[in-house]
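The chain contents come next:
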Amino acid sequence: MREIISVCIGAFIVLVSTGLNNAYINRNFRLKQQTDEKMKEIDILLLLNKKINEILLKRDVDMVISEYISFDSFDDCYITIDDYVYLQSFCSQNHFYLPSYIVEEFFKGIAHRKIVLAPDEIKKMGAYTFKGGRIVLETFSEELLKCAEDRKIELKRMRTSKISYFHG
């Protein structure tokens, strides 16, 4: 009878320790997945910010914009058709990793500033014109950087957190 009780107690100890070990391994795996997701979010945010900054730095000096538009070009922004399509497709492909509210507000804000021109004029310029669009792009870039910094702080906190055997 003692042997059976000893075997049952041993089996119970093995079951409990195996369950604790499996839970610990699962928590480590989930933490690794979460850190990978945060790193992917940071990469996507920084990549989009890089593209926004490239658009801001583009200035086509060969274009004769003055014959099409007659307002102050310091605040204006000219986004090539390719870049605009790239921004839309990039945001739609990576919508899981991007803060949707900020992206929606950006596209809503930039759409309100779009100058309506004839398709032939847009084709000649090769770009859409946005009155005061530079400010919208710069604000969007700052918000993306702020989001990336927030994600970096969350990632650092996740990496420094300790996982114990008895923590749920």
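Criteria and cut-off values
Residues numbered from 1 in each chain as written. Predicted model: local features only at pLDDT ≥ 70, side-chain atom pairs only at ≥ 80, totals over all residues. Heavy atoms only, no water. Helix = DSSP H or I, 4+ residues; strand = E, 2+ residues; numbered from the N terminus. Contact = heavy atoms within 4.5 Å. Areas by Shrake-Rupley, 256 points an atom, 1.4 Å probe, with all protein chains shown as cover. Axes fitted to C-alpha atoms, helices over the stretch in contact; angles between N-to-C directions. Parallel < 35°, antiparallel > 145°, perpendicular 65-115°, else oblique. Left-handed = near helix turned anticlockwise from the far one by under 90°. Nonpolar A, V, L, I, M, F, W, Y, C, P; charged D, E, K, R; others polar. Core = buried A, V, L, I, M, F, W, Y, C linked by side-chain atoms within 4.5 Å. Buried < 20%, exposed > 50% of the residue type's maximum accessible area, 1.4 Å probe, protein only. Phe/Tyr/Trp six-rings, centres within 6.5 Å; stacked < 30°, edge-to-face > 60°. Lys NZ or Arg CZ within 6 Å of the ring centre and 35° of its normal. Polar contact = N/O pair within 3.5 Å; in protein donor to acceptor, adjacent residues only side chain to side chain. Pairing = 2+ DSSP bridges. Patch = residues over 30% accessible without salt bridge, like charges linked within 9 Å, V, L, I, M, F, W, Y side chains within 5 Å. Salt bridge = Lys/Arg side-chain N within 4 Å of Asp/Glu carboxyl O.

**Student:** Would you take a moment to explain the overall build of the protein for this structure?
**Tutor:** Scanning the protein from N- to C-terminus turns up five helices and two strands. The order of helices and strands in the protein, counted from the N terminus, is α-β-α-α-α-β-α. Sequence-distant contacts in the protein: of pairs separated by 6 or more residues, those separated by 24 or more amount to 81%. Accessible area for the protein stands at about 11500 Å²; split by element, carbon and sulfur atoms hold 59% of it.

**Student:** What exactly am I supposed to notice about the packing of helix H1 (residues 2-57) against helix H5 (residues 133-160) here?
**Tutor:** In helix packing, the relevant descriptors are the interaxial angle and the interaxial distance, both defined with respect to the helix axes. Running from N to C, H1 and H5 point in directions that differ by 160°, and their axes come no closer than 9 Å. Taken together, H1 and H5 sit at an angle that is classed as roughly antiparallel. The two elements H1 and H5 meet at a crossing, and its hand is left-handed. Each residue belonging to the contact of H1 with H5 can be placed in one class, and the counts come to 17 nonpolar, five polar and eight charged.

**Student:** How should I be thinking about the nonpolar core in this particular structure?
**Tutor:** Among soluble globular proteins, nonpolar side chains are generally buried collectively. Core analysis: the largest hydrophobic core is formed by 30 residues, its most contacted members being Leu 48, Phe 106, Phe 107, Leu 137 and Phe 140. Excluding residues within four positions of it along the chain, Leu 48 makes contact with Leu 87, Phe 90, Cys 91, Leu 98, Phe 140 and Leu 144.

**Student:** When you look at the packing of aromatic side chains in this model, what are you seeing that I'm missing?
**Tutor:** The geometry of an aromatic ring pair comes down to the distance between the two centres and the angle between the two planes. Taken as a whole and assessed by the stated rule, the structure comprises six aromatic pairs. Judged by centre distance (4.1 Å) and plane angle (10°), the ring pair of Phe 106 and Phe 140 falls under stacked. Residue Phe 106 is located in helix H3 (residues 100-112), and its partner Phe 140 is located in helix H5; the two are separated by 34 residues in the primary sequence. Three or more aromatic residues joined by ring pairs make a cluster, and in this case those are Tyr 84, Phe 106, Phe 107, Phe 130 and Phe 140. The cationic tip of Lys 51 hangs over the ring face of Tyr 86; the distance from NZ or CZ to the ring centre is 4.9 Å. Its end group placed over the ring of Tyr 84, Lys 114 keeps NZ or CZ at 5.7 Å from the ring centre.

**Student:** What should I look at first to understand the side chain of Glu 41 in this one?
**Tutor:** Checked against the element boundaries, Glu 41 lands in helix H1. Residue class for Glu 41 comes out buried when judged on its relative accessible area of 13%. Looking at Glu 41, its side chain comes within polar contact range of the side chain of Arg 151, at 2.5 Å. Sequence-distant contacts of Glu 41, defined by excluding residues within four places in its chain, comprise Tyr 97 and Arg 151.

**Student:** What am I meant to see in the pairing of strand E2 (residues 127-130) here?
**Tutor:** Working note: regular strand, side chains alternate between the two faces of the sheet. Of the two faces of E2, the one lined by Ala 127 and Thr 129 and the one lined by Tyr 128 and Phe 130 are each fully buried. Here strand E1 (residues 77-80) pairs with E2 via four bridges, running antiparallel. Paired with Tyr 78 across the bridge in E2 is Thr 129.

**Student:** I'm lost on a nonpolar patch on the surface in this one. Help?
**Tutor:** A cluster of nonpolar side chains, Met 1, Ile 5, Ile 9, Phe 12, Ile 13 and Val 16, forms an exposed patch at the surface whose accessible area comes to about 630 Å². For Ile 5, the location among the structural elements is in helix H1. In this structure Ile 5 comes out as partly exposed when scored by relative accessible area, which is 45%.

**Student:** What is the right way to read the pattern of salt bridges from this model?
**Tutor:** Inspection of every chain in the model, using the stated rule, returns seven salt bridges. Between Glu 154 and Lys 38 there is a salt bridge whose closest N-O contact spans 2.5 Å. Pair noted here: Glu 154 is in helix H5 and Lys 38 is in helix H1, with a separation of 116 residues, a long-range link. Judged by its relative accessible area of 24%, Glu 154 falls in the partly exposed class. The buried category is assigned to Lys 38, whose relative accessible area is 17%. A salt bridge links Lys 108 to Glu 105; the shortest N-O distance between them is 3.4 Å. With a gap of three residues between them, Lys 108 and Glu 105 both fall in helix H3, about one helical turn apart.

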